Amino acid sequence: QLQYDAVLAAVHPADGGLPKGQIFHTAGASEGGWTIVAVHESQESWEEFRDGILLPRFEQGIEGGFTVPPVETGFVTHALMP
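Residues numbered from 1 in each chain as written. Predicted model: local features only at pLDDT ≥ 70, side-chain atom pairs only at ≥ 80, totals over all residues. Heavy atoms only, no water.

1. Concerning the nonpolar core
As a reminder, the rule being used: Here, the term nonpolar core denotes a set of buried Ala, Val, Leu, Ile, Met, Phe, Trp, Tyr and Cys residues that are joined through side-chain atoms within 4.5 Å. Per-residue accessibility, obtained with a 1.4 Å probe over protein chains only, is compared with the maximum for each type, and a residue is labelled buried under 20%, exposed over 50%, and partly exposed between these values. Numbering of helices and strands runs from the N terminus; a helix is a DSSP stretch of H or I covering at least four residues, while a strand is a stretch of E covering at least two. The contact definition used throughout considers only heavy atoms, calling two residues in contact when any of these lie within 4.5 Å.
Counting residues in hydrophobic clusters, the biggest one holds eight residues: A6, V7, V11, W46, F49, L54, F58 and I62. Breaking this core down by element, the ones donating at least two residues are α1 (2-11) and α2 (43-60). Ranked by residue count, the leading element in this core is α2, at four residues. Apart from residues no more than four positions distant in its own chain, L54 is found in contact with V11, W46, F49 and P70.

Structural data, given as structure tokens:
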């Protein structure tokens, strides 16, 4: 959890909000690691976040964070309910 928290602090807005274009975020421990689900309003908004913020921060190194970028698994949602 400490590694996740370090990464989140490095790539999400300091005010605790979501990055531009992200509409939902949840995460938790799972078998063999950590699962993060981030729902973006579009494929383009995900790619903008991934390529402009997430991956560059991993390349710089995030103190106390995960040492490698996440393995990406994407899908197009059929429904998102509040």
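2. Focus on a nonpolar patch on the surface
Counted only if it meets this: Each patch is built from salt-bridge-free residues with over 30% relative accessible area, joining like charges within 9 Å and nonpolar side chains (Val, Leu, Ile, Met, Phe, Trp, Tyr) within 5 Å. Note on areas: Shrake-Rupley with a 1.4 Å probe; residue coverage comes only from the protein chains shown. A pairing counts as a salt bridge when a side-chain nitrogen of Lys or Arg comes within 4 Å of a carboxyl oxygen of Asp or Glu.
Residues I23, F24, V37 and L80 make up a contiguous nonpolar surface patch of roughly 340 Å² in combined accessible area. Inspection of the secondary structure puts F24 in strand β1 (residues 22-30). We classify F24 as partly exposed; its relative accessible area is 38%.

3. Quick look at the side chain of R50
Quick note on the threshold: Whenever two N or O atoms come within 3.5 Å, that pair is a polar contact, provided that in protein one can donate a hydrogen and the other can accept it, and provided that, for residues adjacent in sequence, both atoms are side-chain atoms.
If you trace the backbone, R50 turns up in helix α2. For R50, the side chain forms a polar contact with the side chain of D51, separated by 2.8 Å. At a separation of 3.2 Å, a polar atom in the side chain of R50 contacts the side chain of E72. For R50, the contacting residues outside a window of four places in its chain are L55, P56 and E72.

4. Concerning the environment of P13
Along the polypeptide, P13 turns up in the loop between α1 and β1. With sequence-adjacent residues up to four places away left out, P13 is seen in contact with L18 and P19.

5. Some thoughts on the side chain of H12
Of note, H12 is situated in the loop between α1 and β1. Excluding residues that lie within four positions of it along the chain, H12 makes contacts with G17, L18, P19, Q22, H25 and F49.

6. Considering α1
Definition in use: Read the arc as the range of directions from the helix axis to the C-beta atoms.
When we look at burial in α1, the residues that qualify are Y4, A6, V7 and V11. Taken end-on, α1 shows its buried residues confined to a sector of 160 degrees, consistent with a single buried face. In α1, those exposed residues whose orientation departs by more than 90 degrees from the buried face are L2 and A9. Next to the buried residues of α1 lie β1, β2 (33-40) and α2.

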